[in-house]
Amino acid sequence: MAGEPQKKQHLSALVGHTNGLTKPTCLAAAAGGRTEGGGRAAGGGAASKKLVIKNFRERPALPDSYTQDTWKKLHEAVRAIQSSTSIKYNLEELYQAVENVCSYNASPTLYKQLRQVCEDHVKAQILQFREDSLDSLLFLKKINKCWQDHCRQMIMIRSIFLFLDRTYVLQNSMLPSIWDMGLELFRNHVISDKLVQNKTIDGILLLIGQERNGEAVDRSLLRSLLSMLSDLQVYKDSFEQRFLEDTHRLYTAEGQRLMQEREVPEYLHHVNKRLEEEADRVVTYLDHSTQKPLVACVERQLLGEHLAAVLQKGFDNLINENRIADLTLLCQLFSRVKGGQQLLLQSWGEYIKNFGTAIVINPEKDKDMVQELLDFKDKMDHIIEVCFQKNEKFINLMKESFETFINKRPNKPAELIAKHVDSKLRAGNKEATDEELERILDKIMIIFRFIHGKDVFEAFYKKDLAKRLLVGKSASVDAEKSMLSKLKHECGAAFTSKLEGMFKDMELSKDIMVHFKQYMQNQSDPGNIDLTVNILTMGYWPTYTPMDVLLPPEMVKLQEVFKTFYLGKHSGRKLQWQTSLGHAVLKAEFKEGKKEFQVSLFQTLVLLMFNEGDEFGFEEIKMATGIEDSELRRTLQSLACGKARVLNKSPKGKDIEDGDKFTFSGDFKHKLFRIKINQIQMKETVEEQVSTTERVFQDRQYQIDAAIVRIMKMRKTLGHNLLVSELYNQLKFPVKPGDLKKRVESLIDRDYMEREKDNPNQYHYVA
């Protein structure tokens, strides 16, 4: 054959090649001199001829000893790698040898041989770990070195046998890659050895335990060993379970011990520190899969088991002492544990109710009740904003709790809130600028919202507003109108219609007085007393009991002049003088000089008597002025026992007795020219307070009656329970079922409705 001598020539050249066989493609290229039909192509022959290159019909045969010689060379290289000595051959040459062997279907044998060499080496490693003399740390370092060496060796071996790994192994899914084979051998022959495994895990756990106790440990060693367990796929079964059991034991004991020994803030900071430490462990050397069960274990043992105890032992104190940072931490920690936030909510609600009830129920605290409630609300708002991150659940529970405790004592909080508003809107309140006053009123309105008996607030607010307007003690008309608009927005126009009417009356009165002054100028005898009258519509203002007193003739004359003037303009109206609301400015002369007194009308009548004489007894003054007994005692007390003592009382004392005598104090001294003594008009008497409360209850009865009639008129027939239910929906103030029953009985007696004969709980409307 023409091709035969060529074949032999190639083989002899190849056998002598230092790298063994070259690639089959080279063989194909070397045979490229043949042409179609087996003839030789002429060098640089005709360009028109087409060349077709074909492979040998048969692959070149390997020499008998080639595979064995190659393996011997490879085996030497592997042993050199395993013993950390230098390799005789260059790596490219070894790689090429593997490729050549694999090309001639010797891959299975090569793989088995390689596995066997590696296995023998790994088996030999176990002996060094059977020594008992090694302490824990040295043992860990030794196993770590063995592992690091093994990994380094397997990387080198794989780089030589890469062709085997990427062809034969890749095509056989049942075979592990060379790297995985190395892991498998190390796992089976080193780490799966009970003694080695136990000693390794014990050593790791000991190091972690030491670190948890605050000792410094070799974290890189831990990271390397745990990474080894993870790579060998024994991390979960051999390490994690025992680690979590250890963690559980440690923190169970620690939680129980520290809950007894430490205060709550200290304990919370300890728990937070532990959680941060464990999170750091996961980042530094534990496997990421351990994070969830580890953190859950710490949370459960240090927090979950002690939620109620933590709240019971320290929650109230944290709020009382306003420990914002600790409360924030408490909320953050409790939100991590199942059921933690719910328990925290319960304690939050209980605290607000208990603390608020203590403010509201105690009559001794009435003086400062509203200010304490405002301060308490501010404090709770701050805690919600900073500690609870404005959580809706905490906000809603706070509102419910405030509403609960503030209505435990009916009516009184409403009355005191009205009085607190009065103190802020009254002239002489120098505490606040207009902006601050506006903020205070807004805060008061928040507390006002929680009150059920808003009609009580309205009654007292109306009474105080009337005094402020009539005695000229209102600090600012703008502030008054601002408060009115807030009440209107909160309770509707019906709630404020009478209050608005009071302001209208004051404005109309100003216009009337302008015309009256012009009228007086046209009189033949205008008199020397300057009279100002406020015309009040009875329906708008609080009910005042008229008091007939004996006025000086000049005043009586002026009253008649005004009456003639007013009724001349408004025929058909009736004027009723309210002397209890009058006030005057008196001029007086003392040894020190002239003074002016701003006094109530009753104080005026008493002081004017001392123009006629030097000394009068209590009974004389009572006869001369006609002032009612208790009112006269209050008036004399303000003149003879107050700060500005215009009268001298004998015998001396705080209380006014029937036999007391009064003389004019000619030696009276005061730094001011105009002195206000009419503060007494602003003060509320016990009788006034009682009558205001009674009036509210009377109004409530009328409202209940009207609501019952309204419902029955619409429904015609209704059962008792349904009627009561409808009433609760319609009435805006708290009412007891017993009171409703009384009103139903009253309406039945007055023939507005009747009971069904066969069923007493069924009512019929009587048209």
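What counts, and at which threshold
- Residues numbered from 1 in each chain as written.
- Predicted model: local features only at pLDDT ≥ 70, side-chain atom pairs only at ≥ 80, totals over all residues.
- Heavy atoms only, no water.
- Helix = DSSP H or I, 4+ residues; strand = E, 2+ residues; numbered from the N terminus.
- Buried < 20%, exposed > 50% of the residue type's maximum accessible area, 1.4 Å probe, protein only.
- Pairing = 2+ DSSP bridges.
- Axes fitted to C-alpha atoms, helices over the stretch in contact; angles between N-to-C directions.
- Contact = heavy atoms within 4.5 Å.
- Polar contact = N/O pair within 3.5 Å; in protein donor to acceptor, adjacent residues only side chain to side chain.
- pLDDT = per-residue confidence, 0-100.
- Phe/Tyr/Trp six-rings, centres within 6.5 Å; stacked < 30°, edge-to-face > 60°.
- Lys NZ or Arg CZ within 6 Å of the ring centre and 35° of its normal.

Mapped onto the fold, Thr 404 is located in helix α19 (residues 392-406). A residue is classified by how much of its surface remains accessible, and Thr 404, at 37% relative accessible area, is partly exposed.

Attention now moves to the sheet that holds strand β9 (residues 762-765). On the basis of which strands lie adjacent, the open sheet formed by 3 strands has the order β7-β9-β8 and antiparallel pairing. With partners counted over all chains shown, the strands left at the sheet margins are β7 (717-719) and β8 (753-755), one partner each. Taking the axes of each pair of neighbouring strands and ignoring which way they run, one obtains an average angle of 30° across the sheet. Against the sheet, helix α31 (residues 720-730) engages β7, β8 and β9, with an angle of about 90° to β7.

Quick look at the environment of Asp 287 now. Here Asp 287 lies in the loop between α13 (264-284) and α14 (291-302). Separated by 45 residues in sequence, Asp 287 and Arg 242 have C-alpha atoms that sit 14 Å apart. In terms of polar contacts, Asp 287 uses its side chain to reach the side chain of Ser 289, at 2.7 Å.

This brings us to the confidence of the model for the protein. Looking at the protein as a whole, the pLDDT averages 85, with 90% of positions reaching at least 70. Here helix α1 (residues 4-15) stands out as the least confident element of the protein, with mean pLDDT 36; helix α11 (residues 219-231) is the most confident, with 95.

Walk down a regular strand and you will see the side chains alternate between the two sheet faces. Both strand β3 (residues 615-617) and strand β5 (residues 661-664) contribute to a ladder of 3 bridges, which runs antiparallel. Across the sheet, residue Phe 616 finds its bridge partner in β5, namely Phe 662. Taken together, the 4 bridges between strand β4 (residues 647-650) and β5 define a ladder with antiparallel strand orientation. Opposite Asn 648, over in β5, you have Thr 663 as the bridge partner.

This brings us to the packing of aromatic side chains. Given two aromatic rings, their pairing is described by the distance between the two centres and the angle made by the two planes. Inspection of the entire model under this criterion finds 30 aromatic pairs. In this structure an aromatic cluster arises from ring pairing among Tyr 351, Phe 355, Phe 376, Phe 402, Phe 405 and Phe 450. Note that Lys 454 overlies the ring of Phe 448, its terminal NZ or CZ placed 5.3 Å from the centroid. One residue, Arg 468, lies across the ring of Tyr 461, its end atom 5.6 Å from the ring centre.

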